[in-house]
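Topology and contacts: notes
What follows is the residue order along each chain.
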Amino acid sequence: MKSISLIQFLIEERRAGYVNAELSLLIEVVARACKRIAVATNKGALGGVLGEAGTGNIQGEAQKKLDVISNEILLEANAWGGQLAACASEEMEDPQPIPDMYPKGHHLLLFDPLDGSSNIDVNISVGTIFSILRCPDGVTEPRAEHFLQPGTTQLAAGYVVYGPATVMVLTFGHGTHEFTLDREVGSFILSRRDIRIPEETAEFAINMSNQRHWEAPMQRYIGELLAGKDGPRAKDFNMRWVASMVADVHRIITRGGVFFYPLDAKIRSKGGKLRLMYEANPMAFIVEQAGGAATTGRERIMGLQPTGLHQRVPVFLGSKKEVEVATHYHVEADAAV
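Residues numbered from 1 in each chain as written. Predicted model: local features only at pLDDT ≥ 70, side-chain atom pairs only at ≥ 80, totals over all residues. Heavy atoms only, no water.

1. Considering the sheet that holds strand β12 (residues 238-239)
Our working definition: What makes two strands pair is DSSP finding at least two bridges between them. Counting from the N terminus, the helices are the DSSP runs of H or I reaching at least four residues and the strands are the DSSP runs of E reaching at least two.
Spatial strand order, β12-β11-β13-β17-β15: 5 strands in an open sheet with mixed pairing. Edge positions in the open sheet fall to β12 and β15 (293-295), since each of these has one partner strand only. Pairing analysis gives 4 bridges linking strand β13 (residues 258-261) to strand β17 (residues 315-318), with the strands arranged antiparallel. In the sheet register, F260 faces β17, and the bridge partner there is F316.

2. Considerations on the side chain of E224
Note the following rule: Any two residues whose heavy atoms approach within 4.5 Å are treated as being in contact.
Within the secondary structure, E224 is located in helix α5 (residues 216-227). Excluding residues that lie within four positions of it along the chain, E224 makes contacts with P232, R233 and Y329.

3. Describing the domain arrangement of the chain
Interface size is commonly expressed as the accessible surface area that is lost when the partners come together. Filter applied, for reference: Reported domain spans reflect what an automatic or database domain assignment gives. Here the quantity called buried area is the accessible surface, traced with a 1.4 Å probe, that two parts lose on coming together, added over both. By salt bridge we mean one thing: a side-chain nitrogen of Lys or Arg within 4 Å of a carboxyl oxygen of Asp or Glu. A 3.5 Å cut-off defines polar contacts: any pair of N or O atoms within that distance qualifies, except that in protein one atom must be a possible hydrogen donor and the other a possible acceptor, and neighbouring residues in sequence count only when both atoms are side-chain atoms.
Split by domain assignment, the chain resolves into domain 1 (6-194) and domain 2 (203-336). Each of domain 1 and domain 2 was reduced to a C-alpha centroid, and the two centroids are 24 Å apart. At the interface, 50 residues of domain 1 touch 32 residues of domain 2. Together domain 1 and domain 2 conceal approximately 3,000 Å² of surface at their shared face, both sides included; 61% is due to carbon and sulfur atoms. Here domain 1 and domain 2 share 1 salt bridge between them. Note that E90 is salt-bridged to R275, the shortest N-O span being 3.7 Å. Linking domain 1 with domain 2 are 17 residue pairs in polar contact (both at pLDDT 80 or more), by the criterion used here. At the level of elements, β3 (84-89), β5 (107-115), β6 (126-134), α4 (144-147), β7 (156-162), β8 (166-171) and β9 (176-182) are the ones that each hand at least two residues to the side of domain 1 that touches domain 2.

4. Let's talk about the UniProt feature "domain: Fructose-1-6-bisphosphatase class 1 C-terminal" (unreviewed entry) in the chain
Here is the rule: UniProt positions are given in the numbering used here, feature names are shortened, and annotations may be inferred rather than shown by experiment.
Within this structure's numbering, the places UniProt gives as "domain: Fructose-1-6-bisphosphatase class 1 C-terminal" (unreviewed entry) are residues 197-330. Here residues 197-330 is 36% helix and 15% strand, with 23 Å between the C-alpha atoms at its ends.

5. Section: a nonpolar patch on the surface
Applicable threshold: A residue counts toward a patch only above 30% relative accessible area and without a salt bridge, and it is joined to like-charged neighbours within 9 Å or, for Val, Leu, Ile, Met, Phe, Trp and Tyr, to nonpolar neighbours within 5 Å. Under the convention used here, a 1.4 Å probe and the Shrake-Rupley method define accessible areas, while residue burial counts only the protein chains that appear.
Nonpolar side chains collect at one region of the surface, where W80, M101 and Y102 lie side by side and expose about 370 Å² of accessible area between them. On the secondary structure map, M101 appears in the loop between β4 (96-97) and β5.

6. Considering α5
The criterion, for reference: Here the expected span of a helix is defined as 1.5 Å times the quantity of residues minus one.
With 12 residues, α5 extends 16 Å between its outermost C-alpha atoms, agreeing within 8% with the 16 Å of an ideal straight helix rising 1.5 Å per residue. Buried positions along α5 lie against β11 (203-205), β13, β17 and α8 (320-336). Just downstream of α5 lies G228, where phi reads positive at about 60°.

7. Describing the UniProt feature "binding site: Mg(2+) 2" (unreviewed entry) in the chain
Heads up, the condition is: For each residue, the accessible area found with a 1.4 Å probe, counting protein chains only, is set against the maximum for its type, and the residue is called buried under 20%, exposed over 50%, and partly exposed in between.
UniProt tags D112, D115 and E279 as "binding site: Mg(2+) 2" (unreviewed entry). Sequence-wise these annotated residues cover 168 residues; spatially they are packed, their C-alpha atoms never more than 8.7 Å apart. On the secondary structure map, D112 appears in strand β5. Given the relative accessible area of 1%, D112 is considered buried. Apart from the residues lying within four places of it in its own chain, the contact partners of D112 are E90, G127, T128, I129, Y278 and E279. Position of E279 among the secondary structure elements: in helix α7 (residues 276-289).

8. Focus on the nonpolar core
Our working definition: For our purposes a nonpolar core is just a set of buried Ala, Val, Leu, Ile, Met, Phe, Trp, Tyr and Cys residues, chained together by side-chain atoms within 4.5 Å.
Core analysis: the largest hydrophobic core is formed by 44 residues, its most contacted members being Y159, M245, F259, M283, V315 and L317. By residue number, the principal contributor to this core is α7, which donates 9 residues. Viewed by domain, this core spans two of them, domain 1 (6-194) and domain 2 (203-336), each represented by three or more residues. Not counting residues up to four positions away in its chain, the partners in contact with Y159 are T128, I129, F130, V167, M168, V169, V246, V249, H250, I253, M283 and I286. In this structure, V30, A77, L109 and M168 belong to the second largest nonpolar core, which totals 41 residues.

9. Brief notes about the packing of helix α1 (residues 6-15) against helix α2 (residues 21-43)
Inclusion rule: Between N-to-C directions, angles span 0 to 180 degrees; the directions come from axes that are lines fitted to C-alpha atoms, helices contributing only their stretch in contact. To sort the angles, those under 35 degrees are grouped as roughly parallel, those over 145 as roughly antiparallel, those from 65 to 115 as roughly perpendicular, and the leftovers as oblique. Left-handed is the label given to a crossing in which the near helix is rotated counterclockwise from the far helix by less than a right angle, and right-handed is the label when the rotation is clockwise. Any residue outside Ala, Val, Leu, Ile, Met, Phe, Trp, Tyr, Cys, Pro, Asp, Glu, Lys and Arg is labelled polar, Gly included; the first ten of those are nonpolar and the last four are charged.
Relative orientation of the contacting elements α1 and α2 amounts to 160°, with a least axis distance of 10 Å. By the criterion of interaxial angle, the relationship of α1 to α2 is roughly antiparallel. Here the hand of the crossing between α1 and α2 comes out right-handed. Contact residues: α1 offers L6, I7, L10 and R14, while α2 offers A21, S24, I27, E28 and A31. In the contact of α1 with α2, the residues fall into 6 nonpolar, 1 polar and 2 charged.

Okay, structure coming up:
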């Protein structure tokens, strides 16, 4: 079968009326930047990119050298292309305007430049997550509030996994598709079209070290999974946890499963662990377009009206029926109070 490059795929999407020329070019620019990040991650210790950067991000987290490098690569790549009005990064407090010397476009880009960066030094898969919104009409100098759009308004979302292979998963709201980087020719090649996540699963991903801090409905749900064939679910479940969201979600995209980062006592005051704009919304878009579900444990993630650029939320996503069961337990517990 003839291989289809990302550029060919984007042209197909344009002809079908799913994307315009500006959005298509923006995806190409992001993909090019991610290829540069892939090169940097692949060099590892030989590239002098491992270890701490000695700085902290807006979240108060210690930055790795590759966090900073990846952020700069994405900012630099997107500054001059003419497709963006502004961009925002998990690593920066405020949106980054497009320099006056360059033309401005009609899109807003949000990204987590290097998700799972705590895994860099031990050579475990990390990745980039991105989300694209339309800049509101008449806005020439976008500010933080112009990015605060519900996930349902996303024009595109994607992630790239830097692992044994470099893989990009992408949606424009018409299915979820996977592209694998062919290093010999330097192009992303379509490897799976219209991915579907099985509705049922026997595999879950969660950080069990936080169990004692979880709310009662989450304790109940995981307790049932751990009880296996002898419990109320009457089947055995396997647990997987990479501690890199892109890797955990990519496993779900590949073979099904569920990913949870629920609310717990340690993070209750923050609203959750994962960032709505940079992680939860784009991953929810990708998963829903593959037939899965994504909630906060109580409501649909993409239906939330954002209140801050770095807002955090709980995340339940993956195979539809398991997400529905876990969400039902939380809604039921709330109704009983």
